[in-house]
Amino acid sequence: MTGAFSISDHLPLSPSSNLHMTIEEDSQNSEQLFEDDGNELETEGNDLEIDGNDVAIESKGLEIEGNGLDIESNCLQNDCDQIPEIENDHQSSRGDTTLVSVENDISQGKNYPSPAVGMEFESYDDAYNYYNCYAKELGFAIRVKSSWTKRNSKEKRGAVLCCNCEGFKTIKEANSRRKETRTGCLAMIRLRLVESNRWRVDEVKLEHNHLFDHERVQNCKSHKKMDAVAKRKVEPSVDVEVRTIKLYRTPVVNPVGYGSSNSVEGETSENVDRSKRLKLKKGDSQIIYNYFSGIQLTNPNFVYLMDLNDEGSLRNVFWIDSRSRAAYSYFGDVVTIDTTCLSNKYEIPLVAFVGVNHHGQPILLGCGLLADDTFETYVWLFRAWLTCMSGRPPQTIITDQCRAMQGAISEVFPRAHHRLHLSHVMRSILENLGELQESGVFQMILNRTVCDSVKVDEFEMGWDDMIRRFGIIDNEWLHTLYEERERWAPVYLKDTFFAGMCSFQNGESMSSFFDGYVHKQTSLKEFFDMYDLVLQKKHKKEAVSDLESRFSSPVLKTRCNYELQVSKLYTNEIFRRFQDEVVMMTYCFSITQVHANGAVVTYMIKEREDGDQGDVRNFEVMYDKAGMDIRCICSCFNLNGYLCRHGLHVLSYNGVKEIPFQYILSRWRKDFKRLYIPDLGSNNIDITNPVQWFDHLYRRSMQVVEEGMISQDHYMVAWQAFKESLNKVRLVAADKHV
């Protein structure tokens, strides 16, 4: 399943927590639950536990290991032994995984997320306690419907936990005076011990066919089993006084050396230093705690996650606010991971997730402080970030050159396009070639080869000529870089959407989000002191740009219909970029049809660089008259998000008066209302679930707040609506007391 679980926006975090849950993205119902090798079958009865109105059944189920298949079963309803149903068609995709571990306070029992396929727990008791707390919060009790063990062992290997209203009375029980409490409810979760010695949820059914009764279930057996062991577990076990959501760290299997050593299944890499910790100065942990605690008072959807080592010391931390999580729903197509501070050994090991908004401005999509730059650490960070984004990976991820990060991205975002910052690549080429970095001729040829090539063979021939001319054909570092050319050379990236985050003009790219604010000696205290101010300045800049785009009309430079059309739709900054393409249409002095296949026609556009004085270059443009689709070999649309001058020239040549709608992106529009509140998601909620009541009402009310901030008139209408709504809600309570 994809995106089955996200952290509740109002999840209370506690230092005294023990419930560890992990979620794995893109799992279907489960991995193959059992692998039947055609081995022998053994059955054995089991005990029946009855307490009050609750019947707890443990029926040892199925497990196949080596050459044996054990089944121990006891069927209460039919009063006979019964073999549980074998499900062997479950599969799991191990590719795109997101593991998050929620540490919650069982004694509080508040706001437990709904069970989801793929959740994992460190132990069976943790899984049972989680489902029990979730049930108690909603108002039902649970019992063990069945469980199974390893052959010749009492080690539990799987279990089914169900609502205690599951099933119906047996014939024997039907004659008893005990009140009927069963309704045939199907709500349940199926658990299985997986190879990493964690307990995974393989199947979930959330629907109940009965009402919840919070008062009655308080006395049920399952809720009385909050014993001393569970209570001891929820006591603080670390010396970092911060409320955390702790991510479970999986053993690293890494055959290519991305920053951690090889490991075998079920074992942790020996070379992974479990004692490593975040390099903090005296008082820094208190600074982190004070900031996170303070921000949650004003921003209830603020989320932070912490990774602790075996000694309980802080190793990594990630945080993201409500606005950033909401902005990702609009601008999460392309994300750059800025590791400037970490790779350049700044005093603060900051990593920032950065996107680009509708004005082409950088926006913050989350931050982290990391102990190191190893594969394992990056996996933790990316899984934390992906979980906060409800499991929705970006289309494109842009990073600098880092083998460990490359491996982690392949692990966590297997379907995303991972590309390298061209500016970083070009800079590293010069830094690694000694005296050549001072050669103006070499820099000119390098830029022309990398940035101006429009065909693959043109780039490869140009590269070969360059390394031979300057005698660097045997440079091993350059050879390794060339082997990765499909991640950074523009000629290979024509099908990758960049939203203008890499212009490929002389290797230019967007500057760091904290550029000008964070320096090599900036301390953690200085960073958090300025953090909110930086965000406020960025938000204000966006708001000012919104107003300017909405209430001002840009100056037109041509009489082209396309320029007029886009001036009414796009924000000022994006329009100015597009306007440059319209102006340069005059550089295209010749158009020739070179091929036709039905409605698809290929044209050759001749363009003179720099007006009348430049060299002539040829650009192929394919145009589908039926679907109004157009594709230029320069791939400006994918790189920048708007059509190029060559495509516009072909549209004009074919008498098309307006740019087709599919080439007008909503991410650039100035008339598209963006509410920076978390994604509202589905309106279908469980009206019997108080947790979903709060979640739904809170998000809807925040939508009214955002709309109410547009103007004074909007504010007055929103305020009046709130007052009227509150009075109506109070009338409901008053009517019940009459």
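First, a word on what this report is: a plain description of the structure on this page. As the structure is a prediction and not an experimental result, all values here were calculated from the model. Every chain is numbered independently, its residues counted from 1 as its sequence is written. Two thresholds apply to this predicted model, a pLDDT of at least 70 for residue-level local features and 80 or more for giving and counting side-chain atom pairs, whereas whole-chain, interface and lining totals are computed over all residues. Derived side-chain values reflect all non-hydrogen atoms in the structure, with water molecules and hydrogen atoms excluded from consideration.

1. Let's talk about the overall build of the protein
- Secondary structure elements follow DSSP: runs of H or I no shorter than four residues count as helices, runs of E no shorter than two count as strands, and numbering proceeds from the N terminus. What the protein contains, in helices and strands, is 21 helices and 21 strands.
- A total accessible area of about 35,400 Å² is found for the protein, and carbon and sulfur atoms account for 49% of it. Using the Shrake-Rupley algorithm and a 1.4 Å probe, accessible areas are obtained, with residue cover drawn only from the displayed protein chains.

2. Digging into the sheet that holds strand β6 (residues 120-121)
- When DSSP finds at least two bridges between two strands, those strands are taken to pair. Pairing in this open sheet of five strands is antiparallel, and the strands run β6-β10-β9-β8-β7 from one edge to the other. Only two strands of the sheet have a single partner each, and these edge strands are β6 and β7 (142-149).
- Where β7 lies against strand β8 (residues 156-163), seven bridges are found, and the strand directions are antiparallel. Across the sheet, Arg 143 pairs through a bridge with Cys 162, a residue of β8.
- Docked against the sheet, helix α1 (residues 124-138) engages β6, β7, β8, β9 (188-193) and β10 (199-205), running at close to 5 degrees with respect to β8. Contacts between residues were defined by any pair of non-hydrogen atoms, one from each residue, lying within 4.5 Å. Lines fitted to C-alpha atoms define the axes, with helix axes restricted to the stretch in contact, and inter-axis angles between N-to-C directions lie between 0 and 180 degrees.

3. Structural notes on unusual backbone geometry
- Despite not being glycine, Met 628 shows a phi value in the positive range, around 55 degrees.
- In this structure, Met 628 sits in the loop between β20 (616-624) and β21 (629-632).
- Between buried and exposed lies partly exposed: a residue is buried under 20% and exposed over 50% of the maximum accessible area for its type, with that area taken using a 1.4 Å probe on protein chains only. Here Met 628 falls in the partly exposed class, since its relative accessible area comes to 26%.
- Located in the positive-phi region is Ser 635, a residue other than glycine, with phi close to 55 degrees.
- With respect to the element layout, Ser 635 can be found in the loop between β21 and α18 (636-640).

4. Quick look at the side chain of Thr 496
- As for its position among the elements, Thr 496 is in the loop between α14 (476-483) and α15 (524-551).
- Engagement of the side chain of Thr 496 in a polar contact is seen with the side chain of Arg 419, the distance being 3.1 Å. Here a polar contact is recorded for every N or O atom pair within 3.5 Å, except that within protein the pair must consist of a potential hydrogen donor and a potential acceptor, and residues adjacent in sequence are included only if both atoms are side-chain atoms.

5. A closer look at the pairing of β7
- Of all eight residues in β7, seven are buried; the element is thus mostly enclosed.
- Hairpin remark: β7 followed by β8, antiparallel, with six residues in the connecting loop; positive phi at Asn 152, about 60 degrees.

6. As for a nonpolar patch on the surface
- On the surface, Val 704, Val 705, Met 709, Tyr 715, Met 716, Trp 719 and Phe 722 cluster together into a nonpolar patch covering about 680 Å² of accessible area.
- Listed by contribution, the elements that provide at least two residues to the nonpolar patch are α20 (690-708) and α21 (712-737).
- Looking at the nonpolar patch element by element, the count peaks at four residues for α21.
- When you line up the elements, Met 709 lands in the loop between α20 and α21.
- Judged by relative accessible area, Met 709 falls into the exposed class, the value being 64%. Residues enter patches when they are more than 30% accessible in relative terms and free of salt bridges; like-charged ones are connected within 9 Å and nonpolar ones (Val, Leu, Ile, Met, Phe, Trp, Tyr) within 5 Å. The term salt bridge refers to a pairing of a side-chain nitrogen on Lys or Arg with a carboxyl oxygen on Asp or Glu at a separation within 4 Å.

7. Details of helix α19 (residues 645-653)
- Burial of α19 is extensive: seven of the nine residues sit out of reach of the surface.
- Buried residues along α19 sit against α16 (561-567), α17 (572-583), β18 (588-597), β19 (600-608), β20 and β21.
- Trailing α19 by a residue or two, Gly 655 shows a phi angle of about 75 degrees, which is positive.

8. Here we look at the pairing of strand β16 (residues 396-399)
- Side chains of β16 alternate between two faces, with Thr 396 and Ile 398 and Ile 397 and Thr 399 buried alike.
- Here β16 runs beside strand β17 (residues 417-420); their pairing, made up of four bridges, is parallel. Each bridged residue has a counterpart across the sheet, and for Ile 397 the counterpart in β17 is His 418.

9. Considerations on the packing of helix α11 (residues 422-431) against α14
- Two numbers describe how α11 lies on α14: the axes approach to 11 Å, and their chain directions differ by 165 degrees. Taken together, α11 and α14 sit at an angle that is classed as roughly antiparallel. Like other packed secondary-structure pairs, α11 and α14 cross with a definite hand, here left-handed. Within the contact between the two elements, α11 uses Val 425, Ser 428 and Ile 429 and α14 uses Trp 477, Leu 478 and Leu 481.
- Tallied by class, residues from the contact of α11 with α14 come to five nonpolar, one polar and no charged. The cut-offs work like this: below 35 degrees is roughly parallel, past 145 is roughly antiparallel, 65 to 115 is roughly perpendicular, and the gaps in between are oblique. For a crossing to be left-handed, the near helix must be turned anticlockwise from the far one by less than a right angle; the clockwise case is right-handed. Residues are grouped as follows: nonpolar covers Ala, Val, Leu, Ile, Met, Phe, Trp, Tyr, Cys and Pro; charged covers Asp, Glu, Lys and Arg; every other residue, Gly included, is treated as polar.

10. Brief notes about the sheet that holds β16
- Ordered in space as β11-β12-β15-β14-β13-β16-β17, the seven strands form an open sheet in which the pairing is mixed. Edge positions in the sheet fall to β11 (303-308) and β17, since each of these pairs with one other strand and no more. In this sheet, adjacent strand axes meet at a mean angle of 20 degrees when their direction is disregarded.
- As paired strands, strand β14 (residues 350-356) and strand β15 (residues 362-369) are joined by six bridges and run antiparallel to one another. Counted as the bridge partner of Val 356 is Pro 362 from β15.

By themselves, these are just geometric observations and shouldn't be taken as functional.
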